[in-house]
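Chain by chain, the residues run as shown.
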Amino acid sequence: MNRLVISVWLCLATSAGAQENVGPDYSGSYLCKTMASGGVAPGKDNVWRSTTFNVTNDAYVVKITDTMKRQEEVFTDLKTRIYTVGVKQFGTQEKFRNCYGRTPDLEGAEVASVDGDMQCVFFGTEYLFDFKTMRFQMLFRGGYMDREANNRDTPYVSIGVCEKID
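Quick caveat: nothing in here was measured; it's all calculated off a predicted structure. (Residues numbered from 1 in each chain as written. Predicted model: local features only at pLDDT ≥ 70, side-chain atom pairs only at ≥ 80, totals over all residues. Heavy atoms only, no water.)

Time to look at the pattern of salt bridges. Under the counting rule described, the total for this entry stands at eight salt bridges. Residue aspartate 66 is joined to arginine 81 by a salt bridge in which the shortest nitrogen-to-oxygen separation is 2.8 Å. Of this pair, aspartate 66 sits in strand 3 (residues 59–72) while arginine 81 is found in strand 4 (residues 79–89), placing the two residues 15 residues apart along the sequence. A relative accessible area of 13% places aspartate 66 in the buried class. (Salt bridge = Lys/Arg side-chain N within 4 Å of Asp/Glu carboxyl O. Helix = DSSP H or I, 4+ residues; strand = E, 2+ residues; numbered from the N terminus. Buried < 20%, exposed > 50% of the residue type's maximum accessible area, 1.4 Å probe, protein only.)

Structure below.
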């Protein structure tokens, strides 16, 4: 009986110790509002030029879900949390688009984060989030490089701030 109690205690102590080495959990929903955006766009003369974009009412809802998977971190003693990151335009009925992380050894739509910073890509748009500083940045490569001459997609970079809403 004593061996059973000691074994259970050791398992619980090891499990609790492992959890202490995991970074903070950033799961939840965030409203990320764009503050500034600029890029290139074709003008009236169909020549591409630098421009700024109107970001009034431009915002995104970001849903962060902890997958309960962990990964060893190379530079710290903390374990990396693995999340799914869903993004959708605020105020639309569209579904969340899960973006794909860039960490080797992760599956598809999994994003690694040790301290609130997350990078992921969805269909030509790269998202960079830092939920510790509550900032985000988006990069869209756009249509300038497309072979179709009439493509009007505009490459841009946007920045903004986030607030936790759930």
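Take cysteine 162: it is sitting in strand 11 (residues 156–164). Between the alpha carbons of cysteine 162 and phenylalanine 131 there is a distance of 7.6 Å; along the sequence they are 31 residues apart.

Turning to the confidence of the model for the protein chain, a few remarks are in order. Here the protein chain averages 84 in pLDDT, while 85% of its residues score no lower than 70. Low pLDDT, under 50, characterises residues 4–19; the predicted model gives this stretch zero contacts beyond four residues in sequence or across chains. (pLDDT = per-residue confidence, 0-100. Contact = heavy atoms within 4.5 Å.)

Right, let's get into the state of the cysteines. Here a disulfide denotes a covalent bond joining the sulfur atom of one cysteine to the sulfur atom of another. Within the structure shown, the criterion is met by two disulfides. Through a disulfide, cysteine 32 is tied to cysteine 162; the S-S separation comes to 2.1 Å. One quick way to see it: the torsion about the S-S bond of cysteine 32 and cysteine 162 is about 105 degrees, and its sign makes the bridge right-handed. Of the two residues, cysteine 32 is situated in strand 1 (residues 28–42) and cysteine 162 in strand 11; the sequence distance between them amounts to 130 residues. By the burial criterion, cysteine 32 is buried, and cysteine 162 matches it. Sulfur-sulfur distance for the disulfide between cysteine 99 and cysteine 120 comes to 1.9 Å. Taking the torsion about the S-S bond as the criterion, the cysteine 99 to cysteine 120 disulfide, at about -45 degrees, is left-handed. A residue pair is termed long-range when its members are at least 10 positions apart, and cysteine 99 in the loop between strand 5 (97–98) and strand 6 (100–101) and cysteine 120 in strand 8 (residues 117–122) qualify at 21 residues. (Disulfide = S-S within 2.5 Å.)

Our focus in this paragraph is the nonpolar core. The biggest cluster of nonpolar side chains holds 19 residues, and the ones touching the most others in it are Cys32, Val62, Ile64, Val85, Met118, Phe129 and Phe131. Only strand 1, strand 3, strand 4, strand 8, strand 9 (125–130) and strand 10 (135–140) provide two or more residues apiece to this core. The residues contacting cysteine 32, other than those within four sequence positions of it, are Asp58, Ala59, Tyr60, Val62, Phe129, Phe131, Phe136, Val161 and Cys162. (Core = buried A, V, L, I, M, F, W, Y, C linked by side-chain atoms within 4.5 Å.)

Let us look at the pairing of strand 9. Consecutive residues of a regular strand have side chains that alternate between opposite faces of the sheet. For strand 8 and strand 9, the ladder comprises six bridges, and the chain directions are antiparallel. When the sheet's bridge partners are listed, aspartate 117 is paired in strand 9 with aspartate 130. Hairpin remark: strand 8 followed by strand 9, antiparallel, with two residues in the connecting loop; positive phi at phenylalanine 123, about 45 degrees. Sheet analysis places strand 9 next to strand 10, joined by six bridges and oriented antiparallel. Within strand 10, the position partnered with threonine 125 by the bridge is phenylalanine 140. Linking two consecutive strands that pair antiparallel, namely strand 9 and strand 10, is a turn of four residues; a positive phi of about 65 degrees is found at methionine 134 within it. (Pairing = 2+ DSSP bridges.)

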